[in-house]
Amino acid sequence: MSGDEQQQVFRDVLRGLPTWDNGLAPFDTGDVPDVPVVLFQRWFVEAVGAGVVEPHAMALATVDGGGRPDVRTLLLHDADERGWHFASHATSAKGRQLAVSPWAALGFYWPAQGRQVRARAEPDSPVPTWTAYVLDADEVEFFQGDAQRRHVRLRYRRTDSGWVRELLWP
C-alpha cells in the first residue's frame, strides 16, 4: 500500500469513528460542590462504577528548561483538599522538568462517560529521589461530552476569596 493509500485509509477510519453515541448522562452545573476536588472524587467513583479501565491513569504535562512541552501518562495516588497526588523519581525527565519549572497540568479522560477533567498548578515536592508531588490546582475544568456536540464545560478558578465557578460552555 502506498503512502497516499495508507493516508486515505487512516482518514476514512478516523472519520468513521463514533463520538459518544452511548447515551451520556447530563451534567447539571447548578448542582455542584463548592470545591472542585469533591466533584472530581464523585466523577472518579462514577467512572469506576461505569467500568472505566484504569480511571486513575492521567496525563501529566510539564515543560523543560527550554519551554518545550512534554506529556506522559502516569497514575493518580490520591486527591484531597491539598490537590492531586502522584509520584515519580526526581531524576526522571518529569522530575527534572518539575524542578526547573514547577508548573504542570493533569488530564483525566473517561470515555465511557464522555468526561474529562483538567487541573493546572504548582506541585509540592518534599522528598529528594522517589518524590511525592501534589498538584495544588488553581484552575480545574470539568467537561461532559454530548453526542450532539453540546458539551458542557465548567471551570473552577481559585481566587483570594475561594473557588469561583464559571460555565465555559454552553
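Rules used in this analysis
Residues numbered from 1 in each chain as written. Predicted model: local features only at pLDDT ≥ 70, side-chain atom pairs only at ≥ 80, totals over all residues. Heavy atoms only, no water. Helix = DSSP H or I, 4+ residues; strand = E, 2+ residues; numbered from the N terminus. Buried < 20%, exposed > 50% of the residue type's maximum accessible area, 1.4 Å probe, protein only. Contact = heavy atoms within 4.5 Å. Areas by Shrake-Rupley, 256 points an atom, 1.4 Å probe, with all protein chains shown as cover. Lys, Arg positive; Asp, Glu negative; His and termini not counted. Charge placed at Lys NZ, Arg CZ, Asp CG, Glu CD. Core = buried A, V, L, I, M, F, W, Y, C linked by side-chain atoms within 4.5 Å. Pairing = 2+ DSSP bridges. Salt bridge = Lys/Arg side-chain N within 4 Å of Asp/Glu carboxyl O. Polar contact = N/O pair within 3.5 Å; in protein donor to acceptor, adjacent residues only side chain to side chain.

A look at the overall build of the protein
Move 1: Looking only at helices and strands, the protein has three helices and nine strands in total.
Move 2: Put simply, the protein runs from its N terminus to its C terminus through helices and strands in the order α-α-β-β-β-β-α-β-β-β-β-β.
Move 3: By principal-axis analysis of the C-alpha atoms, the protein measures approximately 50 × 50 × 30 Å.
Move 4: Every one of the 170 residues in the protein was classed for burial, and the buried ones make up 37%.
Move 5: Considering only contacts within the protein whose residues lie at least 6 apart along the sequence, 51% involve residues at least 24 apart.
Move 6: About 10100 Å² of surface is accessible on the protein, with carbon and sulfur atoms providing 53% of the total.
Move 7: The distance from the centre of the 18 positive side-chain charges to the centre of the 23 negative ones in the protein is 4 Å.

Considerations on the nonpolar core
Move 1: Grouped together as the largest cluster of nonpolar side chains are 31 residues, with contacts concentrated most on Phe40, Trp84, Phe86, Phe108, Leu135 and Phe142.
Move 2: For this core, the elements supplying multiple residues, two or more each, are helix H2 (36–49), strand E1 (57–63), strand E4 (83–89), strand E5 (104–110), strand E6 (115–124), strand E7 (130–144) and strand E8 (152–159).
Move 3: Apart from the residues within four sequence positions on either side, phenylalanine 108 is in contact with Phe40, Pro55, His56, Ala57, Met58, Leu76, Trp84, Arg115, Gln116 and Val117.

Concerning the pairing of E4
Move 1: With six of seven residues buried, E4 is to be regarded as a mostly interior element.
Move 2: In this structure, strand E3 (residues 78–80) lies alongside E4, joined through three bridges in antiparallel fashion. Note that in E4 the partner of aspartate 78 across the bridge is histidine 85.
Move 3: The loop that links E3 with its antiparallel partner E4 comprises two residues.

Points about unusual backbone geometry
The bulk of non-glycine residues show a negative phi, and the bulk of peptide bonds are trans.
Move 1: For the bond running from tryptophan 169 to proline 170, omega is 0 degrees, close enough to zero to count as cis.
Move 2: Even without glycine at this site, glutamate 54 takes up a positive phi of about 50 degrees.
Move 3: Within the secondary structure, glutamate 54 sits in the loop between H2 and E1.

Considering the pairing of E5
Move 1: Residues of E5 alternate between two faces, with Ala104, Leu106, Phe108 and Trp110 buried on one and Ala105, Gly107 and Tyr109 left unburied on the opposite face.
Move 2: As paired strands, E1 and E5 are joined by three bridges and run antiparallel to one another. Opposite leucine 60, over in E5, you have leucine 106 as the bridge partner.

As for the pattern of salt bridges
Move 1: Per the counting criterion, the structure on display carries 11 salt bridges.
Move 2: Of the charged contacts in the structure, one is a salt bridge between arginine 68 and aspartate 64, with a shortest N-O distance of 3.0 Å.
Move 3: Among the residues examined, aspartate 64 registers a relative accessible area of 16% and is labelled buried.
Move 4: Through salt bridges with shared partners, one network takes in Arg118, Glu141 and Arg153.

A few points about the environment of arginine 72
Move 1: Looking at where arginine 72 falls in the secondary structure, it is placed in strand E2 (residues 69–75).
Move 2: Look at arginine 72 and you get buried, because its relative accessible area is 17%.
Move 3: A C-alpha to C-alpha distance of 8.2 Å links arginine 72 and methionine 58, two positions 14 residues apart in sequence.
Move 4: Arginine 72 has contacts with Met58, Ala59, Leu60, Thr62, Ala93, Lys94 and Gln97, leaving out every residue within four places of it along the chain.
Move 5: Of the polar contacts made by the side chain of arginine 72, one reaches the side chain of aspartate 70; its length is 3.2 Å.
Move 6: Looking at arginine 72, its side chain comes within polar contact range of the side chain of glutamine 97, at 3.0 Å.

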